[in-house]
Amino acid sequence: MGVGSPFGRPFIQGIAKKIWENEKHSLKPREVKMKKGKRYREALKLIDTNKAYEAKEAFEVMEKLPKTKFDETVELHVRLGVDSKHADQQVRGTVVLPNGTGKTVKVLVFAKGPKAEEAEKAGADFVGAEELIPKIEKENWFDYDVIVATPDMMGVVGRLGKVLGPKGLMPNPKSGTVTMDVAKAIADIKSGKVEYRLDKTNIIHLGFGKVSFGNQKLLENYNTVMDAIIKAKPAAAKGQYIKSVYVTTTMGPSFNIDQK
């Protein structure tokens, strides 16, 4: 097919350009016309989207936002000045929130013998060993939020890596979920222990309370998490560590938090 042909390269390029222009114009109106709910729009009126809020003020305003039919989770989103592609710039850890998460957490423990008995006495919701493998693999059983395992059981739990890993359920020594002290692990989790972890886009996403907590308890939880993240700064991190911080509710607008 020659370049001068009505179906040559200029013709094809022209068609491609038109298709691209149509794609752009067909997408933009959808983005502009996407309507938020009435409650969201009312909430937005109370927030200055161009302002960087002090954390205390943000939670005070959040408390005044229109309420939903359920108790919304308050979320934290922190962008860090690190590169998650490098092993020496990973940011991951756990912290016990002083006021808990407001969520009832179900704990599954992989243990045997005395440690299984210890887990049951400590309040684990489910305790087992090899017999749980087919239930998880074949029946898609995920009626729990956190898995704790004794070190000797990791050979068994490791067989579930492909199903537990993507769901963030795989026990890990760094998060304190691979341990011989199962009673302490269960107590910490039940009392509000949360894990923070950098994702592939260098952001930490974390729920740290409920709207019903009120501004003071939310502020205490927020400060606890932020202190932990700051202390976890990798030695290899260069330049500005905390790039941006936003807090939001499950269904509400976000607040930009001033970190200066």
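Preceding block: the structure.
Each value, and the rule that gives it
Residues numbered from 1 in each chain as written. Predicted model: local features only at pLDDT ≥ 70, side-chain atom pairs only at ≥ 80, totals over all residues. Heavy atoms only, no water. Pairing = 2+ DSSP bridges. Helix = DSSP H or I, 4+ residues; strand = E, 2+ residues; numbered from the N terminus. Core = buried A, V, L, I, M, F, W, Y, C linked by side-chain atoms within 4.5 Å. Buried < 20%, exposed > 50% of the residue type's maximum accessible area, 1.4 Å probe, protein only. Contact = heavy atoms within 4.5 Å. Arc of directions from axis to C-beta. Salt bridge = Lys/Arg side-chain N within 4 Å of Asp/Glu carboxyl O.

This part takes up the sheet that holds strand 10 (residues 254-257). Across the sheet, which stays open at both edges, the 5 strands sit in the order 1-10-9-2-8 with mixed pairing between neighbours. Edge positions in the sheet fall to strand 1 (52-53) and strand 8 (203-210), since each has one partner strand and no second. The pairing of strand 2 (residues 73-80) with strand 9 (residues 242-249) spans 7 bridges and is antiparallel. Bridge pairing in strand 9 links Val78 to Val245.

Let's shift gears to the nonpolar core. Formed by 39 residues in total, the largest nonpolar core has its most connected members in Tyr222 and Ile229. Broken down by secondary-structure element, the contributors of at least two residues to this core are helix 3 (55-64), strand 2, strand 7 (193-197), strand 8, helix 9 (215-231), strand 9 and strand 10. Here this core gets 7 residues from one element, more than from any other, and that element is helix 9. Ile229 has contacts with Leu76, Val78, Leu80, Tyr196, Ile204, Tyr241 and Ile242, leaving out every residue within four places of it along the chain. With 16 residues, the next largest nonpolar core counts Leu108, Ile147, Ala149 and Leu164 among its residues.

Inspection of helix 3 places Ala55, Ala58, Phe59, Val61 and Met62 among the buried residues, and these make up the whole buried set. Relative to the axis of helix 3, the buried residues are bounded by an arc of 160° and lie together on one face. Of the surrounding elements, those touching the buried residues of helix 3 are strand 1, strand 2, strand 8, helix 9, strand 9 and strand 10.

In this fold, Met180 is placed in the loop between helix 7 (161-164) and helix 8 (182-191). Given the relative accessible area of 41%, Met180 is considered partly exposed. When sequence neighbours within four positions are dropped, the list of residues in contact with Met180 reads Lys115, Glu118, Thr150, Pro151 and Asp152.

Here we take up the pattern of salt bridges. Inspection of every chain in the model, using the stated rule, returns 11 salt bridges. Note that Lys45 and Glu42 form a salt bridge whose closest N and O atoms lie 3.2 Å from each other. Exposure remark for Lys45: the relative accessible area of 63% places this residue in the exposed category. Judged by relative accessible area, which is 34%, Glu42 ranks as partly exposed.

Okay, unusual backbone geometry next. One non-glycine residue with positive phi stands out, namely Asn140, at about 50°. Here Asn140 shows up in the loop between helix 5 (132-139) and strand 6 (146-149). For Asn202, which is not a glycine, the phi torsion comes out positive at approximately 65°. With respect to the helices and strands, Asn202 occurs in the loop between strand 7 and strand 8.

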